[in-house]
Amino acid sequence: MKSAILDRGKVSVIEVEKPILTAPGAIIKVIACGLCGSDIVKIKHGAENPDNKVVLGHEVVGEIVEINTNVVGNSYYNDNIEFFKTGDIVTLGHHYPCMECDFCKNGNHSMCKTFKSVNISPAGFSEYIFVSEGHLKNTVFKLKNGMSVENASFMEPLSCCIRAIRRAGYVYPKISEASKTTDSLNNDNIKTENSAHKALVIGLGSIGLLMSLGLKAFNISAFGLDINPERQAFAGKFGVEFNENLRYDTIFMTSGSYKAIDTALKFVKDGGKIVVFSSVEGLSGYQNNEIYYRELTVLGSYSPAPVDLALSFELLSRGIIDLSGVSTNYSLDNLPFAVDDTMKNKIFKACIKL
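Structure report, in brief. (Residues numbered from 1 in each chain as written. Predicted model: local features only at pLDDT ≥ 70, side-chain atom pairs only at ≥ 80, totals over all residues. Heavy atoms only, no water.)

Side note on the overall build of the protein
Note the threshold: Starting at the N terminus, helices and strands are each numbered in turn, a helix being any DSSP run of H or I of at least four residues and a strand any DSSP run of E of at least two. Residue exposure (1.4 Å probe, protein chains only): buried if accessible area is under 20% of the type maximum, exposed if over 50%, otherwise partly exposed. In this description, contact between two residues means that some pair of their heavy atoms is separated by no more than 4.5 Å. Residue-level accessible areas treat just the shown protein chains as cover; the underlying method is Shrake-Rupley with a 1.4 Å probe.
In terms of helices and strands, the protein carries twelve helices and 14 strands. Per-residue burial over the protein gives 50% buried out of 354 residues. A separation of at least 24 residues holds for 70% of the contacts in the protein among residues at least 6 apart in sequence. Just so you have it, the protein exposes about 16,300 Å², and 48% of that area is on carbon and sulfur atoms.

What follows is the structure, encoded as structure tokens:
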């Protein structure tokens with residue numbers, strides 16, 4: 001089968017062995033896989049360190065073609081799930097936590113050793129992948145409600161944004177601990193105090209747009225800023241504007257530029273929060289005295305817990321967030337062109353269709 005690799009710093013599509021179902025889990029025929037900003041970072045670093053082996057692609061939508069275990073899936077969003085079976089069209093996340101370690105018990109699931117060690121195999125930019133039983137239990141969701149493949153491909157990146165929004169202290173209707181369901185998932189039940197908050201997303205690439213739409217789904221007044229006028233205008237189509245006269249309760253840093261740090265400090269309210277959701281080059285950071293005298297909170301957010309994946313899936317499947325028309329499609333063979341177009345800002349978001 002075909003699969004993408006990073007070879008001597010360049011993306012190539014090669015022939016590899018199709019994964020075989022030996023351990024409990026499933027084989028999924030990939031239908032589509034989004035190109036994530038983290039893939040671009042890996043590719044850039046791979047060019048600098050060509051001996052490093054990296055997994056490319058994780059925003060997967062596909063069809064279960066083989067399965068050897070009875071699993072009902074992530075129960076955080078619905079307690080009436082049927083067993084996964086061949087023919088199911090699913091979307092998935094690529095990491096899952098153990099739920100037993102100190103990190104998991106304290107809500108830092110993405111710091112869990114299990115989370116960091118597990119992945120899909122061989123990579124999302126492949127014709128077929130293997131997902132383990134652990135993936136099926138925690139990160140795989142069967143498409144429903146006529147959910148499109150395009151929207152489904154945003155499930156994992158949107159869940160990362162939901163994680164950041166929740167870490168900032170914002171609350172969506174709580175999942176019942178007794179039933180682990182989100183039957184109350186509708187905008188009428190959102191806590192009213194969210195609407196009093198104003199949040200600014202700095203960096204309006206695809207992840208910045210997702211963050212903005214996630215904030216809106218939480219009923220937070222969401223604003224966005226990007227130095228690229230085309231991105232600013234594109235976000236405006238989704239109702240995301242910028243007001244330079246405001247100061248914001250929370251800043252979400254989705255820009256990969258260290259220069260955005262000063263912008264964040266300029267626009268955050270005294271006593272506000274800055275959520276760091278991107279890496280930057282070099283050793284730039286937030287000044288100690290700015291944090292101290294202004295009583296700012298600076299916190300990081302990395303990857304989602306299973307509950308974040310579940311909420312992301314629900315928001316997309318119910319049409320509360322709709323990303324139709326955002327992606328530009330490429331074939332797997334044309335993945336190198338998708339990467340190049342993304343790096344040159346010729347497109348907003350690439351999706352590899354198989």
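Next comes the rest of the description.
As for the pattern of salt bridges
Condition: We count a salt bridge whenever a side-chain nitrogen from Lys or Arg sits within 4 Å of a carboxyl oxygen from Asp or Glu.
Here the structure, examined in full by the defined rule, presents 13 salt bridges. In this structure, aspartate 270 engages arginine 294 in a salt bridge whose closest nitrogen and oxygen atoms are separated by 2.7 Å. Here the residue aspartate 270 occupies a position in strand 11 (residues 268–276), and arginine 294 occupies one in helix 10 (residues 288–294), the gap between them amounting to 24 residues. For aspartate 270, a relative accessible area of 59% translates into the label exposed. Within the structure, one salt-bridge network assembled from shared partners comprises Lys85, Asp88 and Lys142.

Some words on the pairing of strand 14 (residues 350–353)
Applied cut-off: Think of it this way: DSSP has to see at least two bridges between two strands before they count as a pair. Seen with the strands pointing away from the viewer, any crossover whose path from the first strand over the helix to the second strand runs clockwise is right-handed.
Relative to strand 14, strand 3 (residues 25–34) runs antiparallel, the two sharing three bridges. Its bridge partner lying in strand 14, cysteine 33 is registered against isoleucine 352. Pairing of strand 13 (residues 328–331) with strand 14 involves four bridges; the strand directions are parallel. Bridged to asparagine 329 within strand 14 is cysteine 351. With helix 12 (residues 335–343) bridging strand 13 and the parallel strand 14, this β-α-β connection has right-handed handedness.

Brief notes about the packing of aromatic side chains
For the record, the criterion: The aromatic pairing rule takes the rings of Phe, Tyr and Trp, using the six-membered ring of Trp, and pairs them if the centres are within 6.5 Å, calling planes under 30 degrees apart stacked, those over 60 edge-to-face and the rest tilted.
The final tally for this structure, using the stated rule, is seven aromatic pairs. Relative to phenylalanine 348, the ring of phenylalanine 234 lies with its centre 4.7 Å away and its plane at 50 degrees, an arrangement referred to as tilted. In this pair, phenylalanine 234 sits in helix 8 (residues 229–236) while phenylalanine 348 sits in the loop between helix 12 and strand 14, placing the two residues 114 residues apart along the sequence. Taken together, the ring pairs connect Phe234, Phe238 and Phe348 into an aromatic cluster.

What about helix 11 (residues 306–317)?
The condition that has to hold: A helix is expected to reach a length of 1.5 Å times the quantity of its residues less one.
The terminal C-alpha atoms of helix 11, which comprises twelve residues, lie 16 Å apart, in line with the 16 Å expected from a rise of 1.5 Å per residue. When you tally the buried positions in helix 11, you get twelve out of twelve residues, the bulk of the element. Turning to helix 11, its buried residues number three or more, namely Pro306, Val307, Asp308, Leu309, Ala310, Leu311, Ser312, Phe313, Glu314, Leu315, Leu316 and Ser317. Buried residues along helix 11 sit in contact with strand 5 (89–92), helix 4 (133–138), strand 7 (140–142), helix 5 (149–152), helix 6 (155–167) and helix 7 (206–217). Of the residues flanking the end of helix 11, it is glycine 319, one or two places downstream, whose phi is positive at about 75 degrees.

A word on the packing of helix 6 against helix 7
Put simply, the rule reads: Every axis in this analysis is a line fitted to C-alpha atoms, fitted for helices over the stretch in contact. Angles between the N-to-C directions lie between 0 and 180 degrees. Note that the term roughly parallel is reserved for angles under 35 degrees, roughly antiparallel for angles over 145, roughly perpendicular for angles of 65 to 115, and oblique for everything else. The sense of a crossing depends on the near helix, which, turned anticlockwise from the far helix by less than a right angle, makes the crossing left-handed and, turned clockwise, makes it right-handed.
At a minimum axis distance of 9 Å, the contact between helix 6 and helix 7 shows a crossing angle of 55 degrees. If you check the angle between helix 6 and helix 7, you find them oblique. Viewed along their axes, helix 6 and helix 7 form a crossing whose handedness is right-handed. Here helix 6 contributes Pro157, Leu158, Cys161, Ala164 and Ile165 to the contact with helix 7, which in turn contributes Ile207, Leu210, Met211, Gly214 and Leu215.

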